[in-house]
Amino acid sequence: MQFFNPEIAVANFGPLLAGLLITVELTVVVITISLVFALLVALGGLSRFAPLSWLVRSYIEVMRGTPLLLQLIYVYYVLPEIGIRLNSFTAGVIALSLNYSAYISEVYRSGIQAIARGQHDAAAALGMTRGLAMRRIILPQAIRIVIPSLGNYFISLFKDTALCSVVSIQEVVFTAQILAARNFQYFTLYTVVAVMYFAVSFPAARFVGYLERKTARGYRRKRK
Amino acid sequence: MIGPPLASDRAMIELEDLHKHFGSLHVLKGINLSVSAGEVVCIIGPSGSGKSTLLRCVNYLEVPERGRIRIDGKIAYRDEIGGAFRPHSNRAIAAVRTKVGMVFQHFNLFPHLTALENLTEAPVHVLKVGKEEARLRGLELLAQVGLVDKQGAYPEELSGGQQQRVAIARALMMNPKAMLFDEVTSALDPELVTEVLAVMRDLAQRGMTMLIVTHEMNFARQAAARVIFMDHGVVVEQDTPARIFEAPQQQRTRNFLRTILER
């Protein structure tokens, strides 16, 4: 019995890479939607308009209280029964975005609430409205605080996209499953997949670290 | 020159029967106070006497449960209709605040902006002043507080005294009609207090209307036209600094001054 078969790895590299591209595409689309939508959710949750903040709380609790796998299945298999028919990619994007937006909105909220009251006072005393103060003073500082957490969610999402194999999106894990069903080269195929994931997420983590240092501007004394 | 310039009779800040509670704590118990245009008034008193809360009510950072506030002769922040208050729009409240500059104990500079950007932020985005005009005015005011060479520095890179001078300049950028100072030297190392007080003296000489909560008795004595002693949410006594410090009429004032001056 042979463990790692380089010939098999080379022969299947093309289809696996195509699957990896779907994985990356899915990640980028979902994180882009989630970063924006989660901010709206967070601001809604902090709103003084009670029905809105209540709605936001319920949404977050439902998303956090049910498995992501179930949410995916629900969007793809259950919604068609009430006439909402989505292709698998769209279903994956919707389910992942709803799920991640809930978590990321909590990250935003904690970042916004971490900004000292004095900053709100100073902005208000200068005649800024709440909206302007949020946009110009609070959010720029809050974003800096939450970048490490956002980076974690980004990398976690990249790996969670593998769950989309259940709604038959041909991302990299699903591709490997199909190939392995044909040639039984589990060790080789899944090792290649693991290396592919790591080859993307490790540099991504480094990039997040770089962003963190770059946005620390004004928060650390410059070297004299 | 010793002593402030003469104030006019026009009232710039008027507070009438101001009441404020924090939970069951009655912090302000019916404050009446008027500050004329160009007048420098210092408020002294023990901690917890309501001085800072009073100051914060003037620009509506705290909302008093009762009472009227007039800024430059106009009823500010809310209307009283049949015993109930109707707050003005957020924009109207913000507009009044631009006329009343405030400087805080902990500076509250915006840490993500440079000194100059701290100054230009509100003029550009609130008053819609052009960027270049705001920049020139910002440099002018940084020069006035002696920090023009620190224009590109972030707050974190400045000493406490420098930060507080930037904060004063930031408030002046709005061309306020009055300035509020909330224990602005209390968080500073002793050797940095002087430079901040010098900026405030200079401002007083230029005729700015100033309402100052302070523990700096020498400053109050020299710079103020009037000193107000507050305790337990009431104005106990107010008079010229000479009379307050040399011949206070109330026992509570005497006790407070003794504890402060014996330090």
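How each quantity is defined
Residues numbered from 1 in each chain as written. Chains lettered and ligands numbered in written order. Predicted model: local features only at pLDDT ≥ 70, side-chain atom pairs only at ≥ 80, totals over all residues. Heavy atoms only, no water. Axes fitted to C-alpha atoms, helices over the stretch in contact; angles between N-to-C directions. Helix = DSSP H or I, 4+ residues; strand = E, 2+ residues; numbered from the N terminus. Parallel < 35°, antiparallel > 145°, perpendicular 65-115°, else oblique. Left-handed = near helix turned anticlockwise from the far one by under 90°. Contact = heavy atoms within 4.5 Å. Nonpolar A, V, L, I, M, F, W, Y, C, P; charged D, E, K, R; others polar. Buried < 20%, exposed > 50% of the residue type's maximum accessible area, 1.4 Å probe, protein only. Pairing = 2+ DSSP bridges. Right-handed = clockwise from strand over helix to strand, strands pointing away. Patch = residues over 30% accessible without salt bridge, like charges linked within 9 Å, V, L, I, M, F, W, Y side chains within 5 Å. Areas by Shrake-Rupley, 256 points an atom, 1.4 Å probe, with all protein chains shown as cover. Salt bridge = Lys/Arg side-chain N within 4 Å of Asp/Glu carboxyl O. Phe/Tyr/Trp six-rings, centres within 6.5 Å; stacked < 30°, edge-to-face > 60°. Polar contact = N/O pair within 3.5 Å; in protein donor to acceptor, adjacent residues only side chain to side chain. Disulfide = S-S within 2.5 Å. pLDDT = per-residue confidence, 0-100.

Before going further, it helps to examine the packing of helix H4 (residues 131-144) of chain B against helix H5 (residues 160-172) of chain B. Residues and elements named next belong to chain B. The interhelical angle for the contact between H4 and H5, taken along N-to-C directions, is 135°, at an axis separation of 9 Å. Considering their axes alone, H4 and H5 lie oblique with respect to each other. Along this stretch, H4 crosses H5, giving a crossing that reads as right-handed. Seen from H4, the contacting residues are Arg137, Leu141, Leu142 and Gln144; seen from H5, they are Val166, Ala169 and Leu172. The residue makeup of the contact of H4 with H5, split by class, is five nonpolar, one polar and one charged.

Once that is clear, we can look at the pairing of strand E10 (residues 209-213) of chain B. The two faces of the sheet receive side chains in turn, since in a regular strand these alternate between them. Residue and element names in this part refer to chain B. For E10, the tally of buried residues reaches five of five residues, placing the bulk of the element in the interior. With burial as the criterion, each face of E10 is covered, one bearing Thr209, Leu211 and Val213 and the other bearing Met210 and Ile212. Where strand E3 (residues 40-44) and E10 come together, four bridges link them in parallel fashion. Bridge pairing links Ile43 to Val213 in E10. With five bridges connecting them, strand E9 (residues 178-182) and E10 associate as parallel partners. Looking at E10, one finds that Ala178 is bridged to Thr209. Crossover handedness for the path E9 to helix H6 (residues 190-205) to E10: right-handed.

Residues and elements named next belong to chain A. Side chains of Val29, Ile33, Leu35, Val36, Phe37 and Leu40 sit close together on the surface and give an oily, nonpolar patch of about 470 Å² of accessible area. Structurally, Leu40 is set in helix H1 (residues 6-45). Residue Leu40 is classed as exposed on the basis of its relative accessible area of 54%.

All names here are of chain B. Pairing in this open sheet of four strands is antiparallel, and the strands run E2-E1-E4-E5 from one edge to the other. The outermost strands of the open sheet, each flanked by one partner alone, are strand E2 (25-36) and strand E5 (74-75). For strand E1 (residues 11-22) and E2, the ladder comprises nine bridges, and the chain directions are antiparallel. Of the residues in E2, the one forming a bridge with Leu15 is Leu33. Contacting E1, E2 and strand E4 (66-71), helix H1 (residues 51-58) crosses the sheet at an angle of about 120° to E1.

Residues and elements named next belong to chain B. The six strands are arranged E8-E9-E10-E3-E11-E12 in an open sheet whose pairing can be described as mixed. Edge strands, defined here as strands with exactly one partner in the open sheet, are strand E8 (100-103) and strand E12 (234-239). On average, adjacent strands in this sheet sit at an angle of 20° to one another, irrespective of strand direction. Relative to strand E11 (residues 226-231), E3 runs parallel, the two being bridged by four bridges. The residue of E11 that forms the bridge with Val41 is Arg226. Strands in contact with H5 are E8 and E9; relative to E8, the strand with the most contacts, it is inclined by about 170°.

Before going further, it helps to examine the packing of aromatic side chains. If you walk through the whole model with that rule in mind, you get eleven aromatic pairs over all chains. When the centroid spacing of 6.2 Å and the interplanar angle of 85° are considered together, the rings of Tyr100(A) and Tyr153(A) count as edge-to-face. Placement of the pair is Tyr100(A) in helix H4 (residues 88-113) and Tyr153(A) in helix H6 (residues 130-160), with a sequence separation of 53 residues. Accessibility expressed as a relative area gives 3% for Tyr100(A), which makes it buried. Seen in terms of ring centroids, Tyr60(B) and Tyr77(B) are 4.7 Å apart; in terms of plane orientation they differ by 10°. Their pairing is stacked. One end of the pair, Tyr60(B), is in the loop between H1 and E4; the other, Tyr77(B), is in the loop between E5 and strand E6 (78-81), with 17 residues separating them in the sequence. Of the two residues examined, Tyr60(B) and Tyr77(B), each falls in the buried class.

With that settled, consider the side chain of Lys20(B). All names here are of chain B. By the secondary structure assignment, Lys20 is in strand E1. In this structure the side chain of Lys20 is engaged in a polar contact, spanning 2.9 Å, whose partner is the backbone oxygen of Val63. With residues near it in sequence (within four places) discarded, Lys20 still touches Leu25, His26, Val27, Leu28, Thr53, Glu62, Val63, Pro64 and Glu65.

Residues and elements named next belong to chain B. Evaluated as defined, the whole model comprises zero disulfides over all chains. For Cys57, which is in no disulfide, the shortest distance to another cysteine sulfur is to Cys42 and amounts to 19 Å. For Cys57, a relative accessible area of 0% corresponds to the buried category.

This part covers the confidence of the model for chain B. In the predicted model, chain B carries a mean pLDDT of 93, and the fraction of residues at 70 or more is 97%. Complex prediction metrics read pTM 0.86 and ipTM 0.92.

So, on to unusual backbone geometry. Notably, Ser168(A) is not glycine yet its phi reads approximately 50°, a positive angle. Within the fold, Ser168(A) resides in the loop between H6 and helix H7 (172-183). Backbone geometry places Asn108(B), a non-glycine residue, at a positive phi of 55°. Examined against the element boundaries, Asn108(B) turns out to sit in the loop between E8 and helix H3 (115-125).

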